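# Structural description and commentary
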Amino acid sequence: MGVFASTDDPVSTGHEQVVFCQDKQSGLKAIIGIYSTALGPALGGTRFYPYASEDDALADVLDLSRGMAYKNALAGLDLGGGKAVIWGDPEQIKSEALLRAYGRFVESLGGRYYTACDVGTYVADMDVVARETRYVTGRSVEHGGAGDSSILTAWGVFQGMRAAAEHVWGTPSLQGRRVGVAGLGKVGKYLTGHLLDDGAEVVATDVSPKALAWVRANHPQVTLVDDASALVAADIDVYAPCALGGALNDDTVPALRAKVVAGAANNQLAHPGIEKLLADRGILYTPDYVVNAGGVIQVADEIEGFNFDRAKLRATRIYDTTREILRLADAEGVPPAVAADRLAERRMADVGRLRAIHLR
Ligand SMILES: NC(=O)c1ccc[n+]([C@@H]2O[C@H](COP(=O)([O-])OP(=O)(O)OC[C@H]3O[C@@H](n4cnc5c(N)ncnc54)[C@H](O)[C@@H]3O)[C@@H](O)[C@H]2O)c1
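Now for a look at the structure at hand. Because the structure is a prediction, the values reported are computed rather than measured.

Below, the discussion takes up the overall build of the protein chain. For the protein chain, the count of helices and strands is 16 helices and twelve strands. For the protein chain, the C-alpha radius of gyration of 20 Å lies close to 21 Å, the compact-globule estimate for 360 residues. Based on the C-alpha atoms only, the size of the protein chain along its principal axes is roughly 55 × 50 × 40 Å. Accessible surface, the protein chain as shown: approximately 15800 Å² in total, 51% of it carbon and sulfur. Separation of charge centres in the protein chain, based on 36 positive and 45 negative side chains, amounts to 4 Å.

Set out below in structure tokens:
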């Protein structure tokens, strides 16, 4: 989905509802953005971040909530798109009272918005939020939650990568392919395991000595390179950005030797137009929000009462969705990122429309 200019406001961006929440005593300042409930209640995490200004917080929640509508639509979920931001430094102001005040505002929306973890909020925080609202997922296992979502995120990325490999090389197997993994965190570690199991050669990098030590100890066959620039320039077939956003930019795309990009990081395209730069260089980019949907599939499953096998089956379907997007991209002569947006918009329109059929 396209990137908003920070000057955009909820009216021009087409959001259904944007709610400003304040509890002075606890210091809570939150904005909940609901982009669309066409497919069901809006689902998206709560980002707790020290934004420089309220405008920055608003721009972020508008952008992120819209992104969730597209992600949830293509993940095949009966959920719309929303997101929330809490404006402030979590290290300084996060408290039981603040999280519970936030939970009460979520509850006040009557189920139009389900929250979950995001940057700056954790499973334990959702347990606290859940003391005030039913509309929260991503809780701890002890509280009926599904726990760590990176397991299914990595599984989904692997499925998207398999679909891309099939598109480019005629077989979904990664056997004998050199895959560059940038970021050996929660997702990157699991992804590395799947790749090695499939017979791929893994080249990787991370800025954290702890992450590097873990890989040396657990997967000594992985080749480690100095940094992400070295990985981009390395002789790899597939590039998997699994660290921060903006991995695909004006510097990295011209240097990239891989034929396929499939990774977990959110917002991999640094700015609009990068998807075309990739296509012009003959690099197949699997849209980040499609292949990294395993996490949201997991938290969505928790709403039904978590069942790992069912959630894994749903995450496995990322393979089929990615194939469909790549087929559509070829048929319509557009980059996969554009095809994915079109497919998501089509589902929101086609399925969302059914609510107009009166039932009683
Ligand atoms: N965890 C999930 O379920 C999930 C779901 C969807 C998307 N994502 C996205 O996937 C990415 C990875 O998530 P995660 O949960 O594994 O996070 P994480 O914080 O556990 O891991 C990120 C890793 O990247 C490393 N890193 C940071 N900067 C780097 C750099 N410049 N070069 C190389 N390595 C660098 C960090 O040291 C860390 O080991 C994030 O962008 C996240 O938003 C995660």
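So that's the structure; there's more coming.
Glancing now at the state of the cysteines. Applying the stated criterion across every chain yields a total of zero disulfides. Cysteine 21 takes part in no disulfide bond, and the closest cysteine sulfur, belonging to cysteine 117, lies 18 Å away. Residue cysteine 242 stays outside any disulfide, its sulfur separated by 19 Å from that of cysteine 117, the closest cysteine.

With that settled, consider the nonpolar core. The biggest cluster of nonpolar side chains holds 68 residues, and the ones touching the most others in it are Ile32, Tyr102 and Leu195. Among the elements that make up this core, the one with the highest residue count is helix α6 (residues 150–169) (eight residues). Ala182, Ala234, Leu256 and Ala258 belong to the second largest nonpolar core, which has 18 residues in total.

Along its 17 residues, helix α16 (residues 336–352) runs 23 Å from first to last C-alpha, staying within 8% of the 24 Å computed at 1.5 Å per residue. Within α16 the residues assigned to the buried category are Pro336, Ala337, Ala339, Ala340, Asp341, Leu343, Ala344, Met348 and Gly352. If you follow the buried residues of α16, they end up packed against β2 (28–36), α2 (54–74), α11 (274–280), β12 (284–285), α12 (288–291) and α15 (318–332).

What follows is about the environment of tryptophan 155. You can see tryptophan 155 is positioned in helix α6. Considering only alpha carbons, one finds tryptophan 155 and alanine 293, 138 residues apart in sequence, at a separation of 9.7 Å. Once residues lying within four places of it in the same chain are set aside, the contact partners of tryptophan 155 are His194, Lys312, Ala315 and Thr316. Within polar-contact distance, the side chain of tryptophan 155 engages the side chain of threonine 316 at 2.9 Å.

The next point concerns the pattern of salt bridges. A side chain with one charge may pair with a side chain of the opposite charge, provided their charged atoms come close. Counted by the stated rule, this structure contains 22 salt bridges. In this structure, glutamate 132 engages arginine 104 in a salt bridge whose closest nitrogen and oxygen atoms are separated by 2.8 Å. Within this pair, whereas glutamate 132 is found in the loop between α5 (123–129) and α6, its partner arginine 104 is found in helix α4 (residues 96–108), the two being separated by 28 residues in sequence. The buried category is assigned to glutamate 132, whose relative accessible area is 18%. The partner of arginine 346 in a salt bridge is glutamate 332, with the nearest N and O atoms 3.8 Å apart. Of the two residues, arginine 346 is situated in helix α16 and glutamate 332 in helix α15; the sequence distance between them amounts to 14 residues. In this structure arginine 346 comes out as partly exposed when scored by relative accessible area, which is 38%.

What follows is about the pairing of strand β1 (residues 17–23). As paired elements, β1 and β2 share seven bridges and run antiparallel to each other. In the sheet register, valine 19 faces β2, and the bridge partner there is isoleucine 32. Here β1 folds back onto β2, and the loop between the two strands holds four residues, one of which, glycine 27, carries a positive phi near 90 degrees.

Our focus in this paragraph is the site of the ligand. Taken together, 18 residues surround the ligand, and among them Ser149, Thr153, Val187, Asp206 and Ala243 come closest. Contact between the ligand and threonine 153: an oxygen atom at 2.7 Å from a side-chain N or O atom of the residue. Contacts to the ligand include alanine 243, whose backbone N or O atom sits 2.6 Å from an oxygen atom. Relative to its unbound accessible surface of 830 Å², the ligand loses 72% to contact with the protein. Only α6 and α7 (186–197) provide two or more residues apiece to the shell around the ligand. For the shell around the ligand, the class distribution of residues is eight nonpolar, eight polar and two charged.

Our next topic: the environment of proline 335. Residue position: proline 335 is located in the loop between α15 and α16. Overall, proline 335 belongs to the buried group, its relative accessible area being 17%. Taking C-alpha positions, proline 335 is 9.5 Å from isoleucine 325, a pair spaced ten residues apart along the chain. Proline 335 has contacts with Glu275, Lys276, Ala279 and Ala329, leaving out every residue within four places of it along the chain.

The rules behind each value
- Residues numbered from 1 in each chain as written.
- Predicted model: local features only at pLDDT ≥ 70, side-chain atom pairs only at ≥ 80, totals over all residues.
- Heavy atoms only, no water.
- Helix = DSSP H or I, 4+ residues; strand = E, 2+ residues; numbered from the N terminus.
- Rg over C-alpha atoms; globule rule 2.2 N^0.38 Å.
- Areas by Shrake-Rupley, 256 points an atom, 1.4 Å probe, with all protein chains shown as cover.
- Lys, Arg positive; Asp, Glu negative; His and termini not counted.
- Charge placed at Lys NZ, Arg CZ, Asp CG, Glu CD.
- Disulfide = S-S within 2.5 Å.
- Core = buried A, V, L, I, M, F, W, Y, C linked by side-chain atoms within 4.5 Å.
- Buried < 20%, exposed > 50% of the residue type's maximum accessible area, 1.4 Å probe, protein only.
- Expected span 1.5 Å × (residues − 1).
- Contact = heavy atoms within 4.5 Å.
- Polar contact = N/O pair within 3.5 Å; in protein donor to acceptor, adjacent residues only side chain to side chain.
- Salt bridge = Lys/Arg side-chain N within 4 Å of Asp/Glu carboxyl O.
- Pairing = 2+ DSSP bridges.
- Near = heavy atom within 4 Å.
- Nonpolar A, V, L, I, M, F, W, Y, C, P; charged D, E, K, R; others polar.

So, to be careful, I would describe these as geometric facts and stop short of saying anything about function.
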